[in-house]
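Here is what each chain is made of, one letter per residue.
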Amino acid sequence: MTMSRATCRATARLTGMIALGLSLAAAAPSREARWTPAWGASQMRLDGPNAEKVAKAGAATIRQIVHLTADGATIRLRLSNLTGQTPLNIGAVTIGMAQPGISAVTALQPVLFAGERDAVVPPGAEIFSDPIALPVARGRDVAVSLYFPQAFTAPTGHSGARSTTFLVSGDATDRAALPDAQKIGGWWGLSDIEVRDAAQTATIVTIGDSITDGYGIVDDSNTRWPDELAKRLAAAPATRGYSVVNAGIGGNRVLLDGLGPSLMTRFDRDVVARPGVTHALLLEGVNDLGVLTREQPVDAATHRAIVRQITFAYRQLAERAHEHGIRLIVGTITPFQGNGYYHPGPETEADRQAINRFIRTSGLFDGVVDFDKALADPAQPARLLPAYDSGDHLHPSAAGYRVMAAAVPLALFGRAPQRR
């Protein structure tokens, strides 16, 4: 059948309108979900007594509790096999609301991966879960239960959880409580929890060593100095829009691997790669200084070299942060004279003072937090004030951690950006 000229023109116009609509739809950017880290932990290979317990358990469930710093209705998990040499099989995962130190879970629901309950994490990699409809709030805790159908013999995770974790044989992911579980420490195979379109629009990563990781706090108390900082941020109208991720690793060093990868190795992964990070607050260097002379004295040239290397590393980290629009705030290294593990002498104290002068005066950073001044004994500035000393003359007490959080000027962060 032959169409009339009018019909042809109408058909052409309709075809053109459809094509134009399709091209506009393709050109118009769809609004992507914005994810905010609500919790995270720096990943490392786990070993020691707890790792031995996990390996001996064979097929087992690990239920771990984490404390959130963001609000929202939808979350996702990031699971990690960063230090693994073989694929990590995940048999099942659930999540629910929890309380610190207690295995019981409410609002328990499955976690899926492309619609399936099981997943495989390739060696050296991490994976995200599907979005999970679970309303969460800053200051609340969730429990993540991972079932490993094979023995977890080369685990990736975080050893310094300062939180009770529960280990039980078999697949217990759907059980509301685990009264028969062993209590262990650490976080296992879990690196992040993120909230979609959270009330918080920006994230601060605190990155450092055992002082940031919270060495010495009471387990399940959530009283590390970054925890106390998160409370201050939440209480101030201008800073309520920030979440906080703690990227501390006990024993960590700026320059060399040890307990976990060095700061220089992990900075991109722990800070730059996380979504929505606007600020990093760095406190690290005491272990570099302490290890230098722990076994024997070194000469003056070696002392000068480590000061030069650490300050050079700080310069590099500032450049890396600034390339990605992240503001780097650096804390002065805190006193540790009298520590029996490192037994620092006057030369080490001189190194600490030289690095702290650089931090205070270089002008390279977007802010300085004078943790040294906040914690030092005015009568003996190379030592912690006794009230802020946990007893080992290196790690702060609970009061010391509160003072550290109070020493951070909230004006360094400004008002969190509005969501677009």
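Residues numbered from 1 in each chain as written. Predicted model: local features only at pLDDT ≥ 70, side-chain atom pairs only at ≥ 80, totals over all residues. Heavy atoms only, no water.

Peer 1: I'd like to hear about the side chain of Asn 246, residue by residue, with values.
Peer 2: Mapping Asn 246 onto the fold places it in strand β18 (residues 242–248). A distance of 2.8 Å separates a polar side-chain atom of Asn 246 from the backbone oxygen of Thr 212. Side-chain polar atoms of Asn 246 contact the backbone nitrogen of Gly 248, separated by 2.9 Å. (Helix = DSSP H or I, 4+ residues; strand = E, 2+ residues; numbered from the N terminus. Polar contact = N/O pair within 3.5 Å; in protein donor to acceptor, adjacent residues only side chain to side chain.)

Peer 1: Quick one: what's the story with the environment of Gln 43, residue by residue and with numbers?
Peer 2: Structurally, the position occupied by Gln 43 is in the loop between β1 (35–40) and β2 (44–45). A relative accessible area of 3% places Gln 43 in the buried class. Among residues more than four places away in sequence, those in contact with Gln 43 are Ser 80, Leu 82, Glu 126, Thr 156, Gly 157, Leu 190, Ser 191, Pro 261 and Arg 269. Separated by 2.9 Å, the side chain of Gln 43 and the backbone oxygen of Ala 41 make a polar contact. (Buried < 20%, exposed > 50% of the residue type's maximum accessible area, 1.4 Å probe, protein only. Contact = heavy atoms within 4.5 Å.)

Peer 1: Help me get a handle on the packing of aromatic side chains, residues and values and all.
Peer 2: What the rule picks out here adds up to 8 aromatic pairs. Taken together, a centroid distance of 5.2 Å and an interplanar angle of 55° make the contact between Trp 225 and Phe 371 tilted. Of this pair, Trp 225 sits in helix α4 (residues 225–235) while Phe 371 sits in helix α9 (residues 371–375), placing them 146 residues apart in sequence. Each member of the pair, Trp 225 as well as Phe 371, carries the same accessibility label: buried. Residues Tyr 341 and Tyr 342 carry aromatic rings whose centres are separated by 4.9 Å and whose planes lie at 50° to one another, so their mutual orientation is tilted. (Phe/Tyr/Trp six-rings, centres within 6.5 Å; stacked < 30°, edge-to-face > 60°.)

Peer 1: Mind laying out the pairing of strand β4 (residues 72–80), listing which residues take part and the relevant values?
Peer 2: The element β4 is extensively covered by neighbouring structure, given that 8 of its 9 residues are classed as buried. The sheet contact formed by β4 and strand β10 (residues 132–136) spans 3 bridges and is antiparallel. What sits directly across from Gly 72, in β10, is Val 136. Examined bridge by bridge, β4 and strand β16 (residues 190–196) share 5 bridges and lie antiparallel to one another. In the strand pairing of β16, Arg 76 is matched with Glu 194. Note: β4 against strand β9 (residues 126–128), 3 bridges, orientation antiparallel. Along β9, the bridge assignment pairs Leu 79 with Ile 127. (Pairing = 2+ DSSP bridges.)

The analysis is restricted to geometry; functional conclusions fall outside its scope.
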